[in-house]
Amino acid sequence: MVNQGRSIGIVIPVYEQPKLLAEAVATLRQQTIFDQLEICITSDGGKSKSQAQILRALANQNPNITVLSTPNQGPGAARNTAIDWLLQHAPSLQAVYFLDADNRLETWAMECALSHLQRTGAD
């Protein structure tokens, strides 16, 4: 069940990058507004056992992380799958942010982005 109080949807496509994915999600878990994030990770056809283990652990340990699996179609299709899921399950989100498995965020990044959106009314 998605918490309707969440403000930002995070979309992460991943293909055979278990270590990088774990590091990227660790930076999300350190966000000052982590409880306001709805994170959707799409495994794009990866067959790595370590990636599958990490994905299961992330979803089991964090109620605001959802993991989807698709046949390998590339990062664009994986992102679109996550966006479709967010639109259906968390329609009250104010924004969607794209994060690749090899990206990292400062602990204040999402709070700053949300504050800017709310202050300026930007889309």
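My aim in this report is to walk through the structure given alongside it, one point at a time.

### Examining the overall build of the protein chain
(1) Moving on: Check the secondary structure of the protein chain and you find four helices and four strands.
(2) Moving on: When its helices and strands are written in sequence order, the protein chain yields β-α-β-α-β-α-β-α.
(3) Moving on: At 14 Å, the protein chain has a C-alpha radius of gyration in line with the 14 Å of a compact globule built from 123 residues.
(4) Moving on: When burial is assessed residue by residue, the protein chain has 41% of its 123 residues classed as buried.
(5) Moving on: Here the analysis covers contacts within the protein chain between residues at least 6 apart in sequence; of these, 83% occur between residues at least 24 apart.
(6) Moving on: Of the roughly 6,600 Å² of accessible surface on the protein chain, a fraction of 52% belongs to carbon and sulfur atoms.
(7) Moving on: In the protein chain, the 9 positive side-chain charges and the 11 negative ones have mean positions that sit 8 Å from each other.

### A few points about the nonpolar core
Soluble globular proteins: nonpolar side chains tend toward being buried together.
(1) Moving on: The biggest cluster of nonpolar side chains holds 22 residues, and the ones touching the most others in it are Ile10, Ile12, Leu21, Leu28, Leu37, Ile39 and Ile41.
(2) Moving on: Mapped onto this core, the elements with two or more residues apiece are strand E1 (8-14), helix H1 (18-29), strand E2 (37-44), helix H2 (49-61) and helix H4 (109-120).
(3) Moving on: Among the nonpolar cores identified, the runner-up in size contains eight residues, and Val11, Cys40, Leu86 and Ala90 belong to it.

How each quantity is defined
- Residues numbered from 1 in each chain as written.
- Predicted model: local features only at pLDDT ≥ 70, side-chain atom pairs only at ≥ 80, totals over all residues.
- Heavy atoms only, no water.
- Helix = DSSP H or I, 4+ residues; strand = E, 2+ residues; numbered from the N terminus.
- Rg over C-alpha atoms; globule rule 2.2 N^0.38 Å.
- Buried < 20%, exposed > 50% of the residue type's maximum accessible area, 1.4 Å probe, protein only.
- Contact = heavy atoms within 4.5 Å.
- Areas by Shrake-Rupley, 256 points an atom, 1.4 Å probe, with all protein chains shown as cover.
- Lys, Arg positive; Asp, Glu negative; His and termini not counted.
- Charge placed at Lys NZ, Arg CZ, Asp CG, Glu CD.
- Core = buried A, V, L, I, M, F, W, Y, C linked by side-chain atoms within 4.5 Å.

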